Amino acid sequence: MSNRLLEQLESKIDDVIETVEIMRLQIEELEEKNATLQAENAIFKSRQSEWEQGLTTLLNKLDDISPEAESIERVESAVFD
């Protein structure tokens, strides 16, 4: 091989090494962002679960109140009609 071909090969290898290093750094950054997003997602899921439990409790309380309201309406209609 000529000296010129070896220089071209060396240049291309250097370019590939540089590209691989840049990609490795990008992968590290993306992995860190992914870890952060996964942690945030876990927090949001926990909050969502808490909200769902609270809403379920409120709905159950409203269900408990509804029969009483129906009874009051029946009593009022019997008395005032």
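The text that follows walks through the structure, step by step, so that each part is easy to find. (Residues numbered from 1 in each chain as written. Predicted model: local features only at pLDDT ≥ 70, side-chain atom pairs only at ≥ 80, totals over all residues. Heavy atoms only, no water.)

## Things to note about the overall build of the protein
Here is the rule: Counting from the N terminus, the helices are the DSSP runs of H or I reaching at least four residues and the strands are the DSSP runs of E reaching at least two. Only protein chains enter the accessibility calculation, which uses a 1.4 Å probe; a residue whose area is less than 20% of its type maximum is buried, one above 50% is exposed, and one in between is partly exposed. A 1.4 Å probe and the Shrake-Rupley method give the accessible areas. Residues count as covered only by the protein chains that appear here.
Of regular secondary structure, the protein possesses one helix and zero strands. Among the 81 residues that make up the protein, the fraction classed as buried is 0%. Carbon and sulfur atoms provide 59% of the accessible area of the protein, an area that totals close to 7700 Å².

## A short note on a negative patch on the surface
To keep things clear, this is the line we draw: Surface patches are defined over residues having more than 30% relative accessible area and no salt bridge, joining like charges when they lie within 9 Å and nonpolar side chains (Val, Leu, Ile, Met, Phe, Trp, Tyr) when within 5 Å. By convention in these notes, a salt bridge is any Lys or Arg side-chain nitrogen within 4 Å of a carboxyl oxygen on Asp or Glu. Counted as positive: Lys and Arg. Counted as negative: Asp and Glu, with His and the chain ends omitted from the count. Charge coordinates come from a single atom per side chain, which is NZ of Lys, CZ of Arg, CG of Asp or CD of Glu.
On the surface, Glu7, Glu10, Asp14, Asp15 and Glu18 cluster together into a patch of negative charge. In this structure, glutamate 10 sits in helix α1 (residues 3-80).

## A word on a nonpolar patch on the surface
A surface patch of nonpolar side chains, about 360 Å² in accessible area, is lined by Leu6, Leu9, Ile13 and Ile17. Locating leucine 6 in the fold gives a position in helix α1. The exposure class assigned to leucine 6 is partly exposed, which follows from its relative accessible area of 41%.

## Quick word on the pattern of salt bridges
Tallying each qualifying case throughout the model produces two salt bridges. A salt bridge links glutamate 21 to arginine 24, with the shortest nitrogen-to-oxygen separation between them at 2.4 Å. With glutamate 21 and arginine 24 both in helix α1 and three residues apart, the pair spans about one turn of that helix. Classification of arginine 24 by relative accessible area gives partly exposed; the value is 37%. Among the ionic pairs, glutamate 28 bridges to arginine 24, the shortest N-O distance being 2.4 Å. One end of the pair is glutamate 28 and the other is arginine 24, both in helix α1 and four residues apart, which spans about a single turn. When its relative accessible area of 35% is taken as the criterion, glutamate 28 is described as partly exposed. What you see here is one network of salt bridges that share partners, running through Glu21, Arg24 and Glu28.

In short, shape yes, function no, at least from these values alone.
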